Amino acid sequence: MDELTEYYTSLVEHIKASSDVEGRLIEFEFLNYILDLLSDAGEFDDYTIVEDGRDGAGRWLIDGYSFDANNFSLALFVTHLTSDDTPSTFAKRDIEPSLNRLIKFLDIALTEQYLPASFEPTSSCYQAAQYIRDKWSEVLSVKLILISNRPAAERMKEIEINDIEGRSCTVNLWDLKRIYNLESSRSEREEMVIDLREKPLPCLIAYESEGEKSILAVMPGDQLVSLYGQWGARLLEQNVRSFLQHKGKVNKGIRATILGDPTHFFAYNNGLTTTAQDVTIEYTKQGPKIVELKNLQIVNGGQTTASIYSAHAKDKADLSKVSVQMKLTVLSEEASLGLVSKISRFANSQNKVSDADLFSNHPYHVRLEEFSRRIWAPVRAGQSAQTHWFYERARGQYLDAQAYLTVSKRKQFQLLHPRAQLLTKTDVAKIMNSWDCLPHEVSKGAQKNFAKFAEQVDSRWEKDELSFNEAYFRQLIIRAWIFRSLEKAIMKEPWYSGYRANLVAYSIARLSEELRSQSFEWSNDILWRAQVVPNLLLKLLLDLAKEINYVLLADDRLIGNPSEYAKRTMFWEKVKHLDCNLTKVENLLISKEEAKRQFDAFKKMQKTDDGIHAQDKVFRADKRVWDEIERCLHEDDAATPSLIGILGMAKDPKKIPSEKQSAVLIKLLDRYADRLPLG
């Protein structure tokens, strides 16, 4: 059995099991799983699944939709699923009926004078049609995205499709091979190859060494717009702040220059700072020209890029006289470690980028990963042994851990690390922000919510990194367990009609808000040892979800589309006033004072663990590393007698630095990491 077939079998088994437990059609369980994956990978941020979007007569369908406010692109989703023992390939003729029905839904949404004549007003498909109609004036392009657990035929060419009411329309296929490549890759995103052969970019090579190139170029405004229109937020350094519309002084200035003085845009603007993993350059009589870029990222200049695109889209600005200077650093995968985040931080001058924006390499992830591999969760109902919750710090770790195991060893791994207990960074952000009373942030989508979460964690880490200890990890697992139990239970409620993600986040946030207001905390000891989520707790959350559902779908709601309404603080303020009675779960609660005493005990343990880890890391470091750090200190005129003395301890094989001395040495290692020899 090849790797792709093994992945198919594992994926189908997981989706079937999840579908049975949640009482959800397998198509939508599959779609939810893949859209979460693609959202984590930055393909889009927010999405809505339409669970009643299939016409019984087979005339139209829609399984989900998403709107990208950065490049004004509307994405419509449709699934193409099989449950066969082995995956068969599909060709263009196999998927055309689904695509035609998706286009028919869009046509009805745009042309039907009276939507209730086609869709039941209380249905999710009606909300989807109304949302598309309301947003249509902003839409510049349409993407029909077909998601399948079958591989596309090798000979299948790109599917061409006509424009829709003057908007460019493309078909984007996510087949089994493409999904597997993304999920099994160590990269956070799918590889992005930008072909510039039709319009090569003249450049000047300023510096070149093994693994690194520095290049200067001038990017025409219309070419930048074309790239951003195609790739959108994928071009922006992941987790760096999103476009601030035209509210900031800088953005308003950019727009004014584009519209009023485009010839001087180059002179006024700081330009783009970019990175790429590879570049293909052609040497012509006119000089070197860039013809291809791999994994281009704009690490500074996202505001400039999005402002130019917005001026083109909203103001119909003529960009023929607009050009932007571009500094490009090409780094091999090995050379890029640690450097891309530094380039992001040091190059940014127009709007402040905090360390939280560059969160992907934060030690918070390392600590959670270590806890998840070490700490056993108690045996749950339906399990025969203790298990781990597997925290995936980097994409593909879960699959990679099984890649070279025998069939029996792989089954054993999956028993100890159930796929249902896999946690990604965006999962953690969604769960923790819900419990921390930020449901409106959770409702904004995976990437925006993660950025908010990263900002808070970074701030808290700087103040008290010891608070991220074993108690924190256990609290995370308890919260994740309750969160996912509610996700499953809510699907079976007779009143449920969609918007699960919003209802779950708001129900948990409302309960958590009540705990805060009454100075209570959950008893982590009781919940950690419990076999199942206590029925009374789940019942309380479901009752809250029912009330929140009523408010979310009320005819007099202030924002027409429920998903958009859930993103607003005004909705959270309304939900805060719903009744929440803790009486029936009071045996699961402890006072804030008692919770703090328990947490402080774990902080002391974490301090001891950190000291041991620091000593071990110092002990394992090569003597040449400490020699190089000493040289750097002298070079920076920072070589105090105290530091030189501690370095002497590290270099002496007969001496062992204390925990405090080891902590100082670890900080020196971090400070000079980019100036130390690799390996």
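In this report, the structure presented in the accompanying data block is examined. Remember, predicted model here, so these are calculated numbers, not experimental data.

**With respect to the pairing of strand β13 (residues 323-331)**
Within a regular strand, the side chains alternate between the two sheet faces. In the sheet, strand β8 (residues 212-220) pairs with β13 via 9 bridges, with the strands oriented antiparallel. Note on β13: the bridge partner recorded for Pro220 is Ser323. The pairing of strand β9 (residues 272-276) with β13 spans 5 bridges and is classified as parallel. When the bridges of β13 are listed, Thr273 appears paired with Lys327.

**Some thoughts on the packing of helix α24 (residues 623-635) against helix α26 (residues 659-671)**
Running from N to C, α24 and α26 cross one another at 75°; their axes reach a closest spacing of 11 Å. Comparing their axes, α26 and α24 come out roughly perpendicular. Residue-level inspection shows Val625, Trp626, Ile629 and Leu633 of α24 in contact with α26, the latter providing Leu665, Leu668, Leu669 and Arg671. Here the residues of the contact of α24 with α26 are counted per class, giving 7 nonpolar, no polar and 1 charged.

**Overview of unusual backbone geometry**
Located in the positive-phi region is Glu165, a residue other than glycine, with phi close to 50°. We note that Cys437 has phi near 65°; this positive angle belongs to a residue other than glycine. Among the structural elements, Cys437 can be located in the loop between α14 (425-435) and α15 (439-442).

**Some remarks on the environment of Thr304**
Here Thr304 lies in helix α9 (residues 302-314). Residues Thr304 and Gly271, 33 residues apart in the sequence, show an inter-C-alpha distance of 7.5 Å.

**Remarks on the side chain of Arg484**
Mapped onto the elements of the fold, Arg484 is located in helix α17 (residues 470-490). Among the residues examined, Arg484 registers a relative accessible area of 16% and is labelled buried. Aside from chain neighbours lying at most four places away, what touches Arg484 is Trp389, Ala420, Gln421, Leu422, Leu423 and Asp427.

**Concerning α17**
Counted at 1.5 Å a residue, the expected span for α17 with its 21 residues is 30 Å, and the 30 Å between its end C-alpha atoms agrees. One side-chain oxygen of the residue at the start of α17 lies 2.9 Å from the amide nitrogen of Ala471, identifying that residue as Asn469.

**Some words on the nonpolar core**
The nonpolar side chains of soluble globular proteins are, as a tendency, buried together. Core analysis: the biggest nonpolar cluster contains 76 residues, and Ile132 and Ile290 have the highest contact counts within it. In contact with Ile290, other than residues within four places in its own chain, are Leu196, Pro200, Leu201, Cys203, Ile215, Val279, Thr280, Ile281 and Leu328.

About the cut-offs
- Residues numbered from 1 in each chain as written.
- Predicted model: local features only at pLDDT ≥ 70, side-chain atom pairs only at ≥ 80, totals over all residues.
- Heavy atoms only, no water.
- Pairing = 2+ DSSP bridges.
- Helix = DSSP H or I, 4+ residues; strand = E, 2+ residues; numbered from the N terminus.
- Axes fitted to C-alpha atoms, helices over the stretch in contact; angles between N-to-C directions.
- Parallel < 35°, antiparallel > 145°, perpendicular 65-115°, else oblique.
- Contact = heavy atoms within 4.5 Å.
- Nonpolar A, V, L, I, M, F, W, Y, C, P; charged D, E, K, R; others polar.
- Buried < 20%, exposed > 50% of the residue type's maximum accessible area, 1.4 Å probe, protein only.
- Expected span 1.5 Å × (residues − 1).
- Polar contact = N/O pair within 3.5 Å; in protein donor to acceptor, adjacent residues only side chain to side chain.
- Core = buried A, V, L, I, M, F, W, Y, C linked by side-chain atoms within 4.5 Å.

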